[in-house]
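# Remarks on the overall topology
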Amino acid sequence: MYRIDASSNSIQRLEQRTFSSLGFRERDHLQEWIAKQPDVLGEELLIIQKEFSGFDDTHERLDLLALDKQGALVVIENKLDDSGRDVTWQALKYASYCSGLSKSNIVRIFQKYLDVAEPGVNAEDRICEFLENQDFTEVTLNKGVTQRIMLIAANFRKEVTSTVLWLMNFKLRLQCFRATPYAMGEELFLNVEQIIPTQDTEEYMIGMAEKAQDDIEDQVEQKHRHVIRREFWGRLIDAMNASPSNLYQSISPGVYSWIGAGSGVGGISFNFVATKQYGRAELYIDRGNKTENELVFEALAARKNEIQTAFGGELEWERLDEKRACRIKAETVGNVYDREQWDEMINFMVDAMCRLEASLKSPVREVWEQVKARSPINPEAMNSL
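Keep in mind it's a predicted model, so treat the numbers as computed, not measured.

Glancing now at the nonpolar core. Among the nonpolar cores identified, the biggest contains 59 residues, and L65, I76, I127 and L151 are the most heavily contacted of them. Sorting elements by how many residues they give to this core places helix α3 (residues 103–117) first, with 6 residues. Setting aside anything within four residues of it in sequence, one finds I127 in contact with L46, L67, V107, F110, F136, V139 and L141. Core analysis: the next-biggest nonpolar cluster, separate from the first, contains 44 residues, I285, V296, I307 and W317 among them.

Let us now look at the pairing of strand β11 (residues 268–274). Of all 7 residues that make up β11, 7 are buried, and the element is covered over most of its length. Burial of β11 is two-sided: the residues I268, F270, F272 and A274 facing one way and the residues S269, N271 and V273 facing the other way are all buried. The antiparallel hairpin formed by strand β10 (residues 258–265) and β11 contains 2 residues in its connecting segment, where G267 sits at a positive phi of about 80 degrees. In this antiparallel pair of consecutive strands, β11 and strand β12 (residues 278–285), the connection spans 3 residues.

Looking at the secondary structure, you find I285 in strand β12. For I285, a relative accessible area of 0% gives the class buried. Between the C-alpha atom of I285 and that of S10, which follows or precedes it by 275 residues, the distance is 46 Å. When near neighbours in sequence (up to four residues on either side) are disregarded, I285 contacts G267, I268, N293, V296, F297, L300, A325 and C326.

Glancing now at the pattern of salt bridges. This model, assessed by the stated rule, comprises 33 salt bridges. Ionic pairing is found between E118 and R126, a salt bridge with its closest N-O pair at 3.1 Å. A residue is classified by how much of its surface remains accessible, and R126, at 17% relative accessible area, is buried. Salt-bridge contacts for K329 lead to E331; the nearest nitrogen and oxygen are separated by 3.1 Å. A residue is classified by how much of its surface remains accessible, and K329, at 6% relative accessible area, is buried. Each of the salt bridges in this network shares a partner with another, and the network as a whole consists of R280, E282, E316, E318, R327, K329 and E331.

What counts and what doesn't
- Residues numbered from 1 in each chain as written.
- Predicted model: local features only at pLDDT ≥ 70, side-chain atom pairs only at ≥ 80, totals over all residues.
- Heavy atoms only, no water.
- Core = buried A, V, L, I, M, F, W, Y, C linked by side-chain atoms within 4.5 Å.
- Buried < 20%, exposed > 50% of the residue type's maximum accessible area, 1.4 Å probe, protein only.
- Helix = DSSP H or I, 4+ residues; strand = E, 2+ residues; numbered from the N terminus.
- Contact = heavy atoms within 4.5 Å.
- Pairing = 2+ DSSP bridges.
- Salt bridge = Lys/Arg side-chain N within 4 Å of Asp/Glu carboxyl O.

Nothing here speaks to function; it is geometry throughout.
If you want it as structure tokens, here you go:
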């Protein structure tokens, strides 16, 4: 590995070191680095526990437990300069133990971690934010045998890599990462690279693993939910298009718990959401930057009386401090899977959306112009509007 010196238009070799020579330890250092920056492993991961030992009838501890963007559990085992001979067997045991964790088990495990790491943060909310799903009841965690294993070490023994490659023939989702420390003077560097499977073949191999590990029962239930929601959204869109609003004229029914239409400002949309607990119409503000979202929200909130007067009633204003987005909503109790409740839900949601659009569409445009004028955030996105 080399360091680029732009001033002299040259490169300088970094000295490869060992973790032990630098005084680094597995639990105190490598594990903490990964816990604080899990995307060093090449993807977004949500760490839900460290040194997890909550297995029945065993006192074994796995290094890190995480969730990936599909809701699968990821067992992360760290070694320093040498993988050792038994790391594969060790990780397989942990994955088998984790395969029995239910959704409620995972929430409880994560909540214990958050109570220490980030007191006051709710585990269900953080999981929803990570998986980009507004409704926790719609979240699927640890489906079937989707558990994954990541092994990290500076050097892997042949008996480990041979075993990993053989296991991958059976669609097990294993990855090996080489972690190498470097030094230049007093500066220290860490390089982490995936060596198994190679990046060129990973997507193909993971795709095969997911296909082989489909949970049939869950798929049937998911298909049923999709059919119900698509039918509900079709009815709602028909009712919306029969109203004075043309907001949803070009929107088609979907299968998810929400559908949305643009407000005329990128990243700000008029959404419908329907779950087992509620139906709602909302203005959803998510331009990809929390500070920018809050600027828009606060500017609208400054006109709260004017907007609610135009709406003809009170709205719920949610800054969502623990999330990136903000929302302004009108909500009613309802269950989208109970067809007997559809008429009442649709009547409420369509009426609320028409009034929401009438009261907010102009203020959104005006507020955005004000925010653009004062905010240097994301100038490329602003110029594209």
